[in-house]
Every structure is written in structure tokens, then in C-alpha cells.
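Given next are the chains, with one letter for each unit.
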Amino acid sequence: MSNINKLINSLIEDYNVDLVEEKIALQYFKDNEIQIKGNSSYEDASLVDCLPKGKQFIVLCDEKSSNETRDYSWCFQIMLKHNGLYYVLTDRG
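A brief report on the enclosed structure follows.

So, how was this worked out
Residues numbered from 1 in each chain as written. Predicted model: local features only at pLDDT ≥ 70, side-chain atom pairs only at ≥ 80, totals over all residues. Heavy atoms only, no water. Helix = DSSP H or I, 4+ residues; strand = E, 2+ residues; numbered from the N terminus. Contact = heavy atoms within 4.5 Å. Salt bridge = Lys/Arg side-chain N within 4 Å of Asp/Glu carboxyl O. Buried < 20%, exposed > 50% of the residue type's maximum accessible area, 1.4 Å probe, protein only. Arc of directions from axis to C-beta. Pairing = 2+ DSSP bridges.

**Digging into the side chain of Ser-40**
Here is step 1 of the chain: Take Ser-40: it is sitting in the loop between strand 2 (35-36) and strand 3 (56-66).
Here is step 2 of the chain: The residues touching Ser-40, leaving out its near neighbours within four places in the chain, are Gln-35 and Phe-57.

**Things to note about the pattern of salt bridges**
Here is step 1 of the chain: A full pass over the atoms with the stated rule returns 2 salt bridges.
Here is step 2 of the chain: Lys-64 is the salt-bridge partner of Asp-62, the closest N and O atoms lying 3.4 Å from each other.
Here is step 3 of the chain: The exposure class assigned to Asp-62 is partly exposed, which follows from its relative accessible area of 38%.

**Points about helix 1 (residues 3-12)**
For the α-helix, the turn length of 3.6 residues means that residues three or four positions removed from each other point alike.
Here is step 1 of the chain: For helix 1, the complete set of buried residues consists of Ile-4, Leu-7, Ile-8 and Leu-11. Along helix 1, the residues classed as buried sweep out an arc of 95 degrees about the axis, all on the same side.
Here is step 2 of the chain: Buried residues along helix 1 sit against strand 1 (17-20), strand 4 (72-82) and strand 5 (85-92).

**Focus: the pairing of strand 5**
Here is step 1 of the chain: Bridge count for strand 1 against strand 5 is 4 bridges, and the pairing is antiparallel. Bridging from a neighbouring strand, Val-20 pairs with Tyr-86 of strand 5.
Here is step 2 of the chain: Where strand 4 meets strand 5, 8 bridges bridge the pair, whose relative direction is antiparallel. Note on strand 5: the bridge partner recorded for Lys-81 is Tyr-86.

**Points about the sheet that holds strand 2**
Here is step 1 of the chain: Taken in spatial order, the 5 strands make up an open sheet running 1-5-4-3-2, and their pairing is antiparallel. Where the open sheet ends on each side, the last strands, each with one partner, are strand 1 and strand 2.
Here is step 2 of the chain: Taken together, the 2 bridges between strand 2 and strand 3 define a ladder with antiparallel strand orientation. Bridging across to strand 3, Ile-36 finds its partner in Gln-56.

Rendered as C-alpha cells:
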């Protein structure tokens, strides 16, 4: 099983994977900067570190926030094409 399949399967259990209709996904790829694993500023980001070198993806969300009580939250979300389908993968904490 490929690393991408393992990543997708591990995220499915926590409902952190969504499929996107091709027409919508192509628009996202057109409107966002395409990143390439191995030559991206997101190399050490969660999710990206599991991708094989050369894999194309786009970053949909890269947010961090905290409040007065020092609660810290973050969300990182990428979209990629794998086996003819477009996936949105989300990691948050």
C-alpha cells in the first residue's frame, strides 16, 4: 500500500478526508499556487511530510490561533489528486 493510501486511510477514521467533485477541484488548483513535495515551503508540515517526492498539492488552509486563556488551535488542509480522485486532507489540533 502506498504512503498516500496509508495517509488517506488513517485520516478517514477521524473524518479528516473529503472527496471533491472534479470540476470544483480543478478550479481550486487553478486559483491556488501548486506546491510540489520536495520543492515546497510546506515540506515539514503535517500531511505533506507523508507525501512522496514530486507529488503535487495545494494548501487550502494554514491557520493558527490563540486566545486570552492561551488556548492554541491550528488547522492545516491540503488538496491532492490520487488515483483519479481529488481529496482534501485535514489535520487540526
